[in-house]
Every structure is written in C-alpha cells, then in structure tokens.
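# A closer look at the structure
For reference, the chains in residue letters:
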Amino acid sequence: MIHIGRAAVLLVVPPIDQVSVRDAALSAGFQEAYVGAAGPIALRIHAAYDIPASVTVAQSILESNWGRSKLSTAERNYFGFKCVTPTSPGPLALRCARYPTTECIPAPCHPVDAFFRSYASVDDSFRDYGRLLTTSSNYAAALPVRSDPDAFIRAVARKYATDPEYANKVIRLMDLYDLRRFDR
C-alpha cells in the first residue's frame, strides 16, 4: 500500500511468470554470444590437448557464469582454478586473488575464502585448463574416455568440484546448448 498525502493507493502486482522470465533470459543473446566466442578457443584446446571441446565450453559457462562472474571479468579465470598456495599461481597464471566461494567438502556446503588464479588473457585460462586436465594425476582416469564427453566430465568431476551435481550440470549445459557440435 502506498500512502499519498492522506489517501492510500493499493497497488496490485501480478505474480511473476517465472517461465516467461527464464525464456526472456535465455533469448537475451548473451548465451549464444558467449558460446560463439568460447567455441573456437575450446576447439584450439581440443587440438592441443585432445579433450572434448563441448566439455571445455560447458565447464567455462558453469565456472564463469557465461563470462560474467567477477573472477572471469577481473581475473580472466574461466574455470575457477585455485592457486597452489596463496603465492603460487601455477605456470600460466600471473598471480593469486582472494575471492569468496562455496565448498561442499566437508559437508554441508559452506562459504570460504580461497585464492584463485589470475591470468593475462582468456586464452591463458583455457590453455591452463587443457594443461591441468592432461597433466594432473587427479584427472588421469578421464583421459581414456575423452572420446565420450559425458564419461569424460563424470571422471573429471570427481576431483574437479565439490558439488555432487557438478557433472550433471555440465552435461545439462552440453544438452541445452548443443555443445557437442564442437566435438563433431
């Protein structure tokens, strides 16, 4: 109710149609623009490291919120890679930057601060992704199934994220945006 002088006006706000809001957001265009920019980079990563480009694009979408997260815009970190230590960003990153995040191990999920890698470019972030997935023993089980994007992300997710639904989220993105087209 809004009061204007001595009179009161009752404003009736219709309920929000969530389906319409979601459809409008999906048709806003930024998703296809992001996929259009990330797809060619993911194909270069596939050529260099032989990992599924569909998974690369989908993980970058999930980890960077379509390239709109502060971590991706300020640090050019599109995969949520943390630093080895607060002062050791790894071989391709420039420095470490502190950000809040959510961890689910140990359960339940809880907020923490962590140090994330900061890159000079988007390409460096994607290259580090390819390098890490193909050189870390954490992801060795994924390499024999790299020709199957779903099996690949399921194997990667075991060590990549603490979210138990992580692989399913990546697969949903691959399905929803036909990202397997980059693997053909």
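Treat the numbers as computed from the prediction; the structure is a model and nothing was measured.

This part takes up the pairing of strand β3 (residues 95-103). Here β3 runs beside strand β4 (residues 110-118); their pairing, made up of nine bridges, is antiparallel. From the neighbouring strand, Pro-100 faces β4, where its bridge partner is Asp-113. Linking β3 back to β4 in an antiparallel pair, the connection comprises six residues.

Let us look at helix α5 (residues 122-135). Over its 14 residues, α5 extends 20 Å from the first C-alpha to the last, a length consistent with the 20 Å expected when each residue adds 1.5 Å. Within α5, burial applies to Asp-124, Ser-125, Phe-126, Asp-128, Tyr-129, Gly-130, Leu-132 and Leu-133. Next to the buried residues of α5 lie α2 (30-49), α3 (53-64), β4 and α6 (149-160).

Turning our eyes to something else, we now look at the state of the cysteines. A covalent bond bridging the sulfur atoms of two cysteines is what the word disulfide describes. Counted under the stated rule, the structure contains two disulfides. Across the disulfide from Cys-83 sits Cys-96; the S-S distance is 2.2 Å. Residues Cys-83 and Cys-96 are joined through a disulfide that is left-handed, its torsion about the S-S bond being -120°. Of the two residues, Cys-83 is situated in the loop between α4 (70-75) and β3 and Cys-96 in strand β3; the sequence distance between them amounts to 13 residues. Among the residues examined, Cys-96 registers a relative accessible area of 15% and is labelled buried. With a sulfur-sulfur separation of 2.0 Å, Cys-104 is cross-linked through a disulfide to Cys-109. In this structure, the disulfide formed by Cys-104 and Cys-109 twists by about 100° around the S-S bond and is classed as right-handed.

Now for the packing of α3 against α5. With their axes 12 Å apart at the nearest point, α3 and α5 run at an angle of 120° to one another. By the angle between their directions, the pair α3 and α5 is classed as oblique. The way α3 lies across α5 gives a crossing that is right-handed. Together, Val-55, Thr-56, Gln-59 and Ser-60 of α3 and Phe-126, Tyr-129 and Leu-133 of α5 make up the contact between the two elements. The residue makeup of the contact of α3 with α5, split by class, is four nonpolar, three polar and no charged.

In this section: the packing of aromatic side chains. In this structure the tally under the stated criterion is 13 aromatic pairs. With 6.0 Å between their ring centres and 85° between their planes, Phe-30 and Trp-66 make a pair best called edge-to-face. With Phe-30 in helix α2 and Trp-66 in the loop between α3 and α4, this pair connects stretches of sequence that are 36 residues apart. The class for Phe-30 is partly exposed, based on a relative accessible area of 25%. With a relative accessible area of 12%, Trp-66 lands in the buried category. In textbook terms, an aromatic cluster arises when at least three aromatic residues are bridged by ring pairs, as seen for Phe-30, Tyr-34, Trp-66, Tyr-78, Phe-79, Phe-81, Phe-126, Tyr-129, Tyr-139, Tyr-160, Tyr-166 and Tyr-177.

Quick notes on the rules
- Residues numbered from 1 in each chain as written.
- Predicted model: local features only at pLDDT ≥ 70, side-chain atom pairs only at ≥ 80, totals over all residues.
- Heavy atoms only, no water.
- Pairing = 2+ DSSP bridges.
- Helix = DSSP H or I, 4+ residues; strand = E, 2+ residues; numbered from the N terminus.
- Expected span 1.5 Å × (residues − 1).
- Buried < 20%, exposed > 50% of the residue type's maximum accessible area, 1.4 Å probe, protein only.
- Contact = heavy atoms within 4.5 Å.
- Disulfide = S-S within 2.5 Å.
- Axes fitted to C-alpha atoms, helices over the stretch in contact; angles between N-to-C directions.
- Parallel < 35°, antiparallel > 145°, perpendicular 65-115°, else oblique.
- Left-handed = near helix turned anticlockwise from the far one by under 90°.
- Nonpolar A, V, L, I, M, F, W, Y, C, P; charged D, E, K, R; others polar.
- Phe/Tyr/Trp six-rings, centres within 6.5 Å; stacked < 30°, edge-to-face > 60°.

The analysis is restricted to geometry; functional conclusions fall outside its scope.
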